[in-house]
Amino acid sequence: MPSAESTQASVHEREPVRPTKEDEVAAAGSELIGGPLGRRALLGSSWWTPVRVIALVAIGMFALGLVQKAPCYNGAWFFGASSQYTHACYSDIPHLYQGRGFADGLVPYFDRLPGDMQYLEYPVLTGVFMEVASWLTPGSGTIQDQEQWYWMVNAGMLMVCASVIAVCVSRTHARRPWDGLLVALAPAVALTATINWDLLAVALTAAAMLMWSRGRSLAFGVLLGLATAAKLYPFLLLGPLMVLCWRAGRWREFGTALGGAIVAWVVVNGPVMLFAFEGWSKFYTFSQERGVDFGSFWLIMAQNSDDPLSTDTVNTLATLLMLVCCAAVAALALTAPRRPRFAQLAFLIVAAFILTNKVYSPQYVLWLVPLAALARPKWRDFLIWQACEVVYFLGIWLYLAYTTSGDAHKGLPTDGYHWAIGLHLLGTLYLCVMVVRDIFMPDRDPVRRSGDDDPSGGVLDGADDVFVLGPAARPQKPVTAQFDGTSVEWGRPGATGGSL
């Protein structure tokens, strides 16, 4: 098998993948702009490169998301509890400007807040993001004016994050830049981008994936550590990466990435942890003490039970389920006939966390969008999943409208909301099944059908296996299939390893 260096070099020399040639949905959609790209098209001869086009599309979709929030910006956030839900334009951002002390100039983590929430319940880097936005918000005018300004300043900063995500996804798979359109055009991104501050962590994670694809282990680790300092979920990517590096014998690169992540996380968290430990720890204690909440199958169980499980029991069971999922992903990585792609396992582990967690806020879909675009760049499956997420997005707000409208009961009752949760769970599971099928049947993987191995894998791309378990460890003849003149091979030529 070729080395990582030779594989990466050959990738840059080969022709970019045209989605309209390999994806029937992309081909049909391209009719809106003139039809599929022809073989005589002049590629790379215009200012309109794929990355620039995708960045502009991402900005355009983000702007549409801002328009969707207009009814709330003009009054629903401030007048009437249920109108922000009936218009499906709720956002945490304006409410927390005053609710978390930014309007009063309180310092996050250091100053105690009035009310039930004693300290800011967000990770440190997200708190810094929120504080910077408050510095840029004019302190004059009514509190409504200030909250509108605060949301708009945050929206501008989050738009930069959205553009970074789209660009990083476009550049991670060098031969597949147009896969970034999956991110740029994702309806769930436009709808949820300004609900909360999750895009910061997602942008840092996408940048980390790009650095790993370029073989820059330390930069990957630093960016992933910063992402974990903004949101907890990015650290999950270290698990699949460790198992893949184990299979490929790339411990040095993994150690560099792990060290960079730890140092970056400590640099951000250390000062706050040292001088304001109670405020710093609020995020972790709040996450532990928080009861079963929106969007999870735990909520369906609780609302249909006369004796719902306690929070401690749910925490324990959710942790055990997540550990089982981690073990399953590790087994998949070590026993698959061909080493899975990094993006595939990254998607599966984050999806497992979302599926087993006791809460699913609608903006959590942002965690999965860039990983889904890299793991399964197939428009049909991506749009099926996005449709399920859009239904859930509408479902949660209509359910909240129902619960806050008193006797009028305007909105979606509890049973209807449970169906929306179920659809979200099924959509995510469907995409997981497609990714697992691609791992066991690489001829179905859109990335590998194009002749690549693991373009987001960095040093793993084209590397030999040194440790494999199960039937895949036994010598076997590589399997080859032909798709549109491209040879797709899987198996374990020339590898050595243990077996069970």
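Throughout, a residue's number is its position along its own chain's written sequence, starting from 1. Note on the predicted model: pLDDT of at least 70 is required for a residue's local features to be given, and 80 or more for side-chain atom pairs to be given and counted; whole-chain, interface and lining totals, by contrast, use all residues. The side-chain quantities take in all heavy atoms of the structure and omit both hydrogens and water.

A. Region of the structure containing the environment of threonine 86. Every helix listed is a DSSP run of H or I at least four residues long, and every strand listed is a run of E at least two residues long, numbered separately from the N terminus. Take threonine 86: it is sitting in helix H6 (residues 83-86). Linking threonine 86 and serine 405, residues 319 residues apart in sequence, is a C-alpha distance of 9.8 Å.

B. Here's a closer look at the side chain of serine 217. The residue serine 217 is located in helix H13 (residues 217-230) in this model. Partly exposed residues are those whose accessible area sits between 20% and 50% of the maximum for their type, while under 20% is buried and over 50% is exposed, using a 1.4 Å probe and protein chains only. Of the residues examined, serine 217 reaches a relative accessible area of 8% and is grouped as buried. For this analysis, residues touch if any pair of their heavy atoms sits within 4.5 Å. Discounting chain neighbours no more than four positions away, the residues touching serine 217 are Trp212, Glu253, Thr256 and Ala257.

C. Region of the structure containing the packing of helix H21 (residues 365-375) against helix H22 (residues 379-404). Interaxial distance between H21 and H22 falls to 12 Å at its minimum, and their mutual angle equals 175 degrees. Our classification of the angle between H21 and H22 gives roughly antiparallel. Where H21 approaches H22, its residues Val365, Leu368, Val369, Ala372 and Ala373 are matched on the opposing element by Phe382, Trp385, Gln386 and Glu389. An axis is simply a line fitted to the C-alpha atoms; with a helix, the fit covers only the stretch in contact. Between two such axes, the angle follows the N-to-C directions and lies from 0 to 180 degrees. Here the angle decides the label: under 35 degrees means roughly parallel, over 145 means roughly antiparallel, 65 to 115 means roughly perpendicular, and every other value means oblique.

D. Quick look at the pattern of salt bridges. By salt bridge we mean one thing: a side-chain nitrogen of Lys or Arg within 4 Å of a carboxyl oxygen of Asp or Glu. Counted by the stated rule, this structure contains 15 salt bridges. The shortest N-O distance in the salt bridge between arginine 250 and glutamate 253 comes to 3.7 Å. The partly exposed category is assigned to arginine 250, whose relative accessible area is 23%. By relative accessible area, which is 18% here, glutamate 253 ends up buried.

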